[in-house]
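What the coordinates show
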Amino acid sequence: MTRVYLLCVTMAAGGCWLLLLLLGPVSGLPPVRWLQEAPEEIEMKTVLRLAEREYNRASGREDVYRALRLSDLRRQLVSGIRYDFTVFLGRTLCKKGDEEVLDNCSLHSLASLTEIQCRYSVLVFPWANETKVLEHTCSEEGVRTEPSSEQDLDSMKPEDELLETLSLFKDFVTTYDKKYKDDEEALMRLQIFSQNVKKAKEIQEKDQGTAEYGVTKFSDLTEEEFRTLYLNPLLSSQPSRPMKMALAPTDPPPAQWDWREHGAVTEVKNQGMCGSCWAFSVTGNIEGQWFLKKGSLVSLSEQELVDCDGVDKACGGGLPSNAYEAIEKLGGLESEQDYSYLGHKEHCSFSTNKVSAYINSSVEIPKDETQIAAWLAQNGPISIALNAFAMQFYRKGISYPFRILCNPWMIDHAVLLVGYGDRDGKPFWAIKNSWGTDWGEEGYYYLHRGTGSCGMNTMCSSAVID
């Protein structure tokens with residue numbers, strides 16, 4: 001019985017990039033076959049022309065041969081699209097050097113009686129306009145070219161894994177309303193997605209906590225794209241502005257604390273494709289400080305910092321210590337309502353008449369995690385920075401990567417520490433992120449507490465409001 005799976009990937013220009021998967025023998029087709037709605041005939045013609053050229057190049061014959069028919073076709077996703085097929089070649093009336101257009105070469109009258117059978121494995125990269133022969137074996141002459149890349153052959157997925165990847169990609173595209181400009185980009189994103197699914201499984205296997213890693217809205221991005229669009233390289237490449245050290249509380253911290261339960265935390269926001277996490281971390285801290293000192297919770301403007309902080313780099317990253325100083329010099333922050341977030345730098349339009357909150361200074365908080373917990377419970381949410389190694393594929397649970405994989409000196413993302421506690425005896429920090437509520441646990445990240453995981457204790461700070 002044949003099962004048919006359709007995968008529709010929406011393109012930015014409209015329309016649908018259609019992927020059809022057939023499982024089971026049907027009309028002589030192999031058990032697994034990939035088909036594209038768009039240019040399969042053109043694509044296969046290109047592959048066959050490559051096979052013809054490869055045979056004519058390698059043979060010692062003077063006559064030129066061309067494809068007569070194709071059989072045993074398999075088409076699978078590996079690092080590109082791999083074609084395995086048998087082609088039967090027939091002799092033409094053209095001689096080598098004369099075949100400008102192979103289609104114009106008439107077949108010899110005895111072509112069907114002298115045909116040559118060849119088995120090919122060909123790898124195609126549509127997005128890079130590249131094609132290469134992995135293996136070429138012809139029965140009559142014994143011509144054989146060894147695989148050009150062992151990695152390409154070894155990485156071929158079993159049928160069940162391929163089907164699982166397709167199913168996950170279909171759900172991913174639907175869930176996050178992904179749109180790609182054309183079929184080449186869609187296929188490229190599918191390949192990146194496939195590699196990221198494997199990477200998430202590796203992170204899962206190495207995690208020491210209870211976290212679940214897997215498909216997220218960032219699963220079609222390469223690591224470099226993710227870092228460029230959503231993270232903040234300045235956190236580890238530039239020194240922080242010196243700040244006065246906060247006094248550590250003398251009383252021990254309570255067993256658990258969560259400022260969300262006490263009204264000091266606004267809703268989860270979304271920085272978009274802009275490395276402005278530093279601004280969200282700082283405004284979140286000031287929102288909590290203003291609530292504790294003035295009694296009202298006001299959502300404050302990150303866009304003001306993106307536009308008006310002359311020291312930091314807007315979507316190119318920044319440091320919380322610089323942001324505090326910028327806010328002091330400006331005279332305060334406007335509300336989110338008055339100065340709404342756009343996700344890119346604009347001309348500074350800050351107005352002192354619209355200030356909703358101000359700060360008097362800022363302090364650095366000690367690196368000891370017990371002191372961090374005590375300070376947080378007593379004084380409010382804290383601006384922190386960490387290494388986002390495990391966050392691209394984080395879904396839920398308490399994340400606890402090995403230190404060597406999430407080292408504390410490579411911090412690249414600023415967030416807001418809002419609480420701490422434990423789940424089934426596993427201690428955690430509750431962290432408000434700025435990637436929207438469709439990431440993590442409704443926008444929150446839970447990280448193992450007590451070992452300085454991912455450098456979360458290396459850059460802790462807060463504004464001071466008198």
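Refer to the structure presented above.
Described in the following lines is the structure provided in the data block. Keep in mind that this is a model prediction, so the values were computed, not measured. (Residues numbered from 1 in each chain as written. Predicted model: local features only at pLDDT ≥ 70, side-chain atom pairs only at ≥ 80, totals over all residues. Heavy atoms only, no water.)

1. Overview of the packing of aromatic side chains
On inspection of all chains with the given rule, the structure shows 23 aromatic pairs. Linked through ring pairs, Tyr-213, Phe-218, Phe-226, Tyr-230, Tyr-394, Trp-435, Trp-439 and Tyr-445 together constitute an aromatic cluster. Looking at Lys-294, its charged tip hangs above the ring of Trp-290, at a distance of 5.6 Å from the centre. Positioned above the aromatic ring of Tyr-446, the side-chain terminus of Arg-423 is 4.2 Å from the ring centre. (Phe/Tyr/Trp six-rings, centres within 6.5 Å; stacked < 30°, edge-to-face > 60°. Lys NZ or Arg CZ within 6 Å of the ring centre and 35° of its normal.)

2. Here we look at the environment of Leu-376
You can see Leu-376 is positioned in helix 10 (residues 369-379). In this structure Leu-376 comes out as buried when scored by relative accessible area, which is 0%. In the structure, Leu-376 is positioned 118 residues away from Asp-258 in sequence and 9.2 Å away in space, judged by C-alpha atoms. Ignoring sequence-local partners within four residues, the contact set of Leu-376 consists of Trp-257, Trp-259, Ile-382, Leu-417, Val-418, Gly-419 and Tyr-420. (Helix = DSSP H or I, 4+ residues; strand = E, 2+ residues; numbered from the N terminus. Buried < 20%, exposed > 50% of the residue type's maximum accessible area, 1.4 Å probe, protein only. Contact = heavy atoms within 4.5 Å.)

3. Focus: the layout of surface pockets
In this structure, the largest pocket encloses a volume near 340 Å³. Around the largest pocket, the lining is made up of 17 residues, and of these Lys-178, Lys-217, Leu-221, Tyr-230 and Met-273 lie nearest the centre. (1 Å grid on protein atoms, 1.4 Å probe; cavity = no way out; pocket = protein on both sides within 12 Å on 5 of 7 lines; lining within 4 Å. Points joined across faces, edges and corners; volume = space filled by probe spheres on them.)

4. Some details on the side chain of Asp-307
With respect to the helices and strands, the residue Asp-307 is situated in helix 8 (residues 302-308). A distance of 2.7 Å separates the side chain of Asp-307 from the backbone nitrogen of Glu-346, its partner in a polar contact. Ignoring any residue separated from it by four or fewer positions in sequence, one finds Asp-307 in contact with Tyr-339, His-344, Lys-345, Glu-346, His-347 and Cys-348. (Polar contact = N/O pair within 3.5 Å; in protein donor to acceptor, adjacent residues only side chain to side chain.)

5. Digging into empty space enclosed by the protein
Summed over all chains, the structure comprises 3 cavities of 30 Å³ or more. In this structure, the largest cavity occupies an estimated 100 Å³ of space. For the largest cavity, the lining is made up of 14 residues, of which Phe-280, Ser-281, Lys-432, Asn-433 and Ser-434 are closest to its centre. For the lining of the largest cavity, the secondary structure elements donating two or more residues are helix 7 (277-294) and strand 18 (413-423). Among the elements that line the lining of the largest cavity, the one with the most residues is helix 7, at 5 residues. Of the residues belonging to the lining of the largest cavity, the class tally is 4 nonpolar, 6 polar and 4 charged. (Nonpolar A, V, L, I, M, F, W, Y, C, P; charged D, E, K, R; others polar.)

6. Focus on the pairing of strand 20 (residues 444-448)
A regular strand places its side chains on the two faces of the sheet in alternate fashion. Within strand 20, 5 of the 5 residues are buried, leaving the element largely enclosed by the surrounding structure. In the sheet, strand 17 (residues 398-399) pairs with strand 20 via 2 bridges, with the strands oriented parallel. Its bridge partner lying in strand 20, Ile-398 is registered against Tyr-446. The pairing of strand 19 (residues 426-432) with strand 20 spans 5 bridges and is antiparallel. Within strand 20, the residue paired with Phe-428 across the bridge is His-448. (Pairing = 2+ DSSP bridges.)

7. Let's talk about the pattern of salt bridges
Going through the model one piece at a time under the given rule, you end up with 22 salt bridges. Between Asp-220 and Lys-178 there is a salt bridge, with the nearest N and O atoms lying 3.5 Å from each other. Within this pair, whereas Asp-220 is found in the loop between strand 9 (212-213) and helix 5 (223-230), its partner Lys-178 is found in the loop between helix 3 (159-175) and helix 4 (183-206), the two being separated by 42 residues in sequence. Residue classification places Asp-220 among the buried residues on the basis of a relative accessible area of 4%. The exposure class of Lys-178 is buried, given its relative accessible area of 19%. Each of Lys-269, Glu-287, Glu-302 and Glu-336 takes part in salt bridges that share partners, so that together they form one network. (Salt bridge = Lys/Arg side-chain N within 4 Å of Asp/Glu carboxyl O.)

8. Focus on helix 7
In this model, helix 7 (18 residues) spans 25 Å end to end at C-alpha, consistent with the 26 Å of a helix rising 1.5 Å per residue. Judged by how many residues are buried, helix 7 sits mostly within the fold: 14 of 18 residues are covered. Positioned one or two residues after helix 7, Gly-295 has a phi angle of 90°, which is positive. (Expected span 1.5 Å × (residues − 1).)

9. Comments concerning the state of the cysteines
Evaluated as defined, the whole model comprises 5 disulfides. Each sulfur in the disulfide pair Cys-118 and Cys-138 lies 2.0 Å from the other. Around the S-S axis, the bridge from Cys-118 to Cys-138 shows a dihedral of about 105° and counts as right-handed. Of this pair, Cys-118 sits in strand 6 (residues 116-125) while Cys-138 sits in strand 7 (residues 130-138), placing them 20 residues apart in sequence. With respect to burial, Cys-118 and Cys-138 carry one shared label: buried. Covalently, Cys-406 is tied to Cys-454 through a disulfide, its sulfur atoms 2.1 Å apart. Because the sign of the S-S torsion sets the handedness, a value of about 120° for the bond joining Cys-406 and Cys-454 places this disulfide among the right-handed ones. Of this pair, Cys-406 sits in the loop between strand 17 and strand 18 while Cys-454 sits in the loop between strand 20 and strand 21 (461-464), placing them 48 residues apart in sequence. Accessibility expressed as a relative area gives 2% for Cys-406, which makes it buried. Residue classification places Cys-454 among the buried positions, given a relative accessible area of 3%. (Disulfide = S-S within 2.5 Å.)

10. Things to note about unusual backbone geometry
Most peptide bonds are trans, and most residues other than glycine sit at a negative phi. Even without being a glycine, Ala-314 presents a positive backbone phi close to 55°. Residue placement: Ala-314 occurs in the loop between helix 8 and helix 9 (320-330). Taking relative accessible area as the criterion, Ala-314 reaches 6% and is therefore assigned buried. Despite not being glycine, Glu-442 shows a phi value in the positive range, around 55°. By secondary structure assignment, the location of Glu-442 is in the loop between strand 19 and strand 20.

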